[in-house]
Amino acid sequence: MKVVALRRNTTLSEADQDIVEKVYTPDQLTELMSASDYVVAATPYTPSTDKLISAAAIAAMKPNGVFVNVGRGKCVDEEALIDALQAKRIRGAALDVFAKEPLPPDSPLWDLPNVFMSPHNADRTKEFQYESMELFVQNVQRYMAGEELLNVCDKSSGY
């Protein structure tokens with residue numbers, strides 16, 4: 001399997017060279033989409049990621065492409081995705097998040113046979129509560145010791 005990625009700052013993926021074959025920049029999104037059999041979006045929502053997965057990006061996908069969204073629903077042009085799925089221009093989608101949640105009862109996504117949906121719980125693992133608590137405890141200890149905290153929100157980036 002070949003893994004590619006997209007990052008605003010590609011230097012942050014330099015340590016992943018043994019895993020990631022190529023790192024694209026946001027202006028290369030359609031190139032990434034057209035080269036991928038599976039596209040997994042795990043994008044935070046900010047003003048700059050609003051509909052990042054645009055109609056053009058979706059149109060660039062391979063006919064056998066599958067789109068997976070475990071990030072934020074508003075990062076995807078949902079209407080364009082629905083159009084592509086209905087017309088079978090892409091093979092399918094697995095969606096954990098939606099532009100509007102809960103997903104309205106009249107959304108066409110409910111009736112599409114090529115869509116798998118989950119109830120915004122993709123981040124749940126068997127150990128997620130223990131891992132979250134462990135990180136919290138580590139950060140309390142770091143704070144008390146005057147050390148740099150882990151996983152700090154970058155407010156200027158919005159996440």
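Refer to the structure above for everything that follows.
This section reports on the structure supplied with the text. Only a predicted model underlies this, so the values are computations on that prediction, with no experimental measurement involved.

**Examining the pattern of salt bridges**
Across all of its chains, the model carries four salt bridges by this definition. Across the pair E31 and K22 runs a salt bridge, and its minimum N-O distance is 3.3 Å. The class for E31 is partly exposed, based on a relative accessible area of 36%. R124 is paired through a salt bridge with D123; the nearest N and O atoms lie 2.7 Å apart.

**Here's the deal with the sheet that holds strand β6 (residues 115–117)**
Strand order in the open sheet formed by four strands is β3-β4-β5-β6, with parallel pairing between adjacent strands. The open sheet terminates on both sides in strands that have one partner only, identified here as β3 (38–41) and β6. Here the average twist between neighbouring strands, direction ignored, is 10°.

**Examining the layout of surface pockets**
In this structure, the largest pocket encloses a volume near 1100 Å³. Lining of the largest pocket is provided by 33 residues; of these, A5, L6, R7, L32 and V40 occupy positions nearest its centre. Of all the elements in the fold, those that place two or more residues in the lining of the largest pocket are β1 (4–6), α1 (29–35) and β3. Roughly 150 Å³ of internal volume is contained in the second largest pocket.

**Re the nonpolar core**
One finds M33, F67, L81, L85, L95 and L109 to be the most contacted residues of the largest nonpolar core, which totals 25 residues. Counting only elements with at least two residues in this core, the list comes to α1, β3, α2 (55–59), α3 (78–86) and β5 (92–95). Ranked by the residues each element gives to this core, the list is headed by α3, at five residues. Ignoring anything within four residues of it in the chain, the contact list for M33 reads V39, I53, A57, I58, A60, M61 and K62.

**Some details on the packing of aromatic side chains**
Per the stated rule, a full pass over the model turns up zero aromatic pairs. The ring of Y45 carries the charged tip of K74 above its face, separated from the ring centre by 5.8 Å.

**Regarding the pairing of β5**
Where strand β4 (residues 66–69) and β5 come together, four bridges link them in parallel fashion. Paired with F67 across the strands is A93, a residue of β5. Remark: the β4/α3/β5 crossover connection has right-handed handedness. Two elements, β5 and β6, share three bridges in a ladder whose sense is parallel. Along β6, the bridge assignment pairs A93 with V115.

The rules behind the values
Residues numbered from 1 in each chain as written. Predicted model: local features only at pLDDT ≥ 70, side-chain atom pairs only at ≥ 80, totals over all residues. Heavy atoms only, no water. Salt bridge = Lys/Arg side-chain N within 4 Å of Asp/Glu carboxyl O. Buried < 20%, exposed > 50% of the residue type's maximum accessible area, 1.4 Å probe, protein only. Pairing = 2+ DSSP bridges. Helix = DSSP H or I, 4+ residues; strand = E, 2+ residues; numbered from the N terminus. Axes fitted to C-alpha atoms, helices over the stretch in contact; angles between N-to-C directions. 1 Å grid on protein atoms, 1.4 Å probe; cavity = no way out; pocket = protein on both sides within 12 Å on 5 of 7 lines; lining within 4 Å. Points joined across faces, edges and corners; volume = space filled by probe spheres on them. Core = buried A, V, L, I, M, F, W, Y, C linked by side-chain atoms within 4.5 Å. Contact = heavy atoms within 4.5 Å. Phe/Tyr/Trp six-rings, centres within 6.5 Å; stacked < 30°, edge-to-face > 60°. Lys NZ or Arg CZ within 6 Å of the ring centre and 35° of its normal. Right-handed = clockwise from strand over helix to strand, strands pointing away.

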